[in-house]
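One letter stands for each residue in the lines below.
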Amino acid sequence: MAIFKALLLLLSVTAISTAIPTPAHDSYVEKKMGSEKYTHLHLYVHIAFSGSNATAAKVVQGPTNKSLGFGDMIVVDNPITEGPDLSSKLIGREQGYTITVSRDPDLSKTINLLTINLAFIAGKHKNSTLTIMGRDPVFNVVRELSVVGGTGAFRLARGYSIWTSISFNLTGNSIIEGDIHVFHY
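These numbers come from a predicted model, not from an experiment.

Attention now goes to the layout of surface pockets. Think of a ball as big as a water molecule: rolled over the atoms, this probe shows where empty space is left. Estimates place the volume of the largest pocket at around 730 Å³. If you go around the largest pocket, you meet 31 residues; those closest to its centre are Phe49, Val138, Phe168, Gly172 and Ser174. Within the lining of the largest pocket, the residues separate by chemical class into 17 nonpolar, 10 polar and 4 charged. In this model, the second largest pocket occupies a volume close to 190 Å³. Together, His46, Ile47, Ala48, Asn53, Thr55, Pro79, Leu86, Asn173, Ser174 and Ile175 line the second largest pocket. The class makeup of the residues in the lining of the second largest pocket is 5 nonpolar, 5 polar and no charged.

Our focus in this paragraph is the packing of aromatic side chains. This model, assessed by the stated rule, comprises 3 aromatic pairs. Each ring, one from Tyr38 and one from Phe183, has its centre 5.4 Å from the other, and the planes form 50 degrees; the classification is tilted. Here Tyr38 is found in strand β1 (residues 37-47), whereas its partner Phe183 is found in strand β9 (residues 174-184), with 145 residues between them in sequence. Under the relative-accessibility criterion, Tyr38 is labelled partly exposed at 44%. Centroid distance Phe139 to Phe168: 6.2 Å. Interplanar angle 90 degrees. Geometry classified as edge-to-face. Here Phe139 is found in the loop between β6 (129-137) and β7 (142-151), whereas its partner Phe168 is found in strand β8 (residues 158-168), with 29 residues between them in sequence. Between the NZ or CZ atom of Arg103 and the centre of the ring of Phe70, over which it lies, the distance is 5.3 Å.

Turning next to a nonpolar patch on the surface. On the surface, Val59, Val60, Val75 and Tyr97 cluster together into a nonpolar patch covering about 280 Å² of accessible area. In this fold, Val59 is placed in strand β2 (residues 56-60). Its relative accessible area of 47% is what places Val59 among the partly exposed residues.

Attention shifts here to unusual backbone geometry. Trans peptide bonds make up the majority, and among non-glycine residues the majority have a negative phi. Its identity as a non-glycine residue notwithstanding, Asn127 has a phi of 70 degrees, on the positive side. Tracing the sequence through the fold places Asn127 in the loop between β5 (111-120) and β6. Here Leu156, not a glycine, exhibits a phi torsion of approximately 60 degrees, which is positive. In this structure Leu156 comes out as exposed when scored by relative accessible area, which is 62%.

In this section: the pattern of salt bridges. What the rule picks out here adds up to 4 salt bridges. Residues Lys58 and Asp72 are paired through a salt bridge, measuring 3.1 Å at the closest nitrogen-oxygen approach. Here Lys58 is found in strand β2, whereas its partner Asp72 is found in the loop between β2 and β3 (73-81), with 14 residues between them in sequence. The class for Lys58 is partly exposed, based on a relative accessible area of 33%. You can call Asp72 buried: its relative accessible area is 1%. Residue Arg143 pairs with Asp136 through a salt bridge whose shortest N-O separation is 2.6 Å. Each of the two residues, Arg143 as well as Asp136, counts as buried.

Attention now goes to the nonpolar core. Core analysis: the largest hydrophobic core is formed by 25 residues, its most contacted members being Leu43, Leu118, Leu130, Ile132, Trp163 and Ile180. Elements with a minimum of two residues in this core: β1, β3, β5, β6, β7 and β9. Beyond its immediate stretch of four places on either side in the chain, Leu43 contacts Ile80, Thr81, Ile91, Leu118, Phe120, Trp163, Ile176, Glu177, Gly178 and Ile180.

Reading the values: rules and limits
Residues numbered from 1 in each chain as written. Predicted model: local features only at pLDDT ≥ 70, side-chain atom pairs only at ≥ 80, totals over all residues. Heavy atoms only, no water. 1 Å grid on protein atoms, 1.4 Å probe; cavity = no way out; pocket = protein on both sides within 12 Å on 5 of 7 lines; lining within 4 Å. Points joined across faces, edges and corners; volume = space filled by probe spheres on them. Nonpolar A, V, L, I, M, F, W, Y, C, P; charged D, E, K, R; others polar. Phe/Tyr/Trp six-rings, centres within 6.5 Å; stacked < 30°, edge-to-face > 60°. Helix = DSSP H or I, 4+ residues; strand = E, 2+ residues; numbered from the N terminus. Buried < 20%, exposed > 50% of the residue type's maximum accessible area, 1.4 Å probe, protein only. Lys NZ or Arg CZ within 6 Å of the ring centre and 35° of its normal. Patch = residues over 30% accessible without salt bridge, like charges linked within 9 Å, V, L, I, M, F, W, Y side chains within 5 Å. Areas by Shrake-Rupley, 256 points an atom, 1.4 Å probe, with all protein chains shown as cover. Salt bridge = Lys/Arg side-chain N within 4 Å of Asp/Glu carboxyl O. Core = buried A, V, L, I, M, F, W, Y, C linked by side-chain atoms within 4.5 Å. Contact = heavy atoms within 4.5 Å.

Okay, structure coming up:
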């Protein structure tokens, strides 16, 4: 019986030691990915809720009947330009969604959860994207959102963005100025 227990113990130790990978002399490789870069972007987003070329649409109506109420979901595909005029050079699209997450009955305190991608279609960053997410107090003139990722030239992106409302009308059409600070590789 003692020989059986000793053999069983030996087999168990052997099985455990072979199940744990043992590092070879070059099993750990460290690569320098290059130095981190900093990019500052300044751009304009044009939002149109009305007209023949609407770029934003409410796709889910929350439980309230307000124009912007708790639970509402809006999808966007807005043009991004170099300047504040819609006729300035088109450099990309802002694509994503926003959900109203505040239940405060005061419309001026409306808070949205914003999830968007800035997809660049021209210029130095063509075919690259930046992902921006965060708490968006809709009626604040200036607000800050996080840069949480990116693709192409903006791989491993992180940073912050400052958004300033330049113009806004009663139909919901607006121009937003973006000032984006990004660290990436």
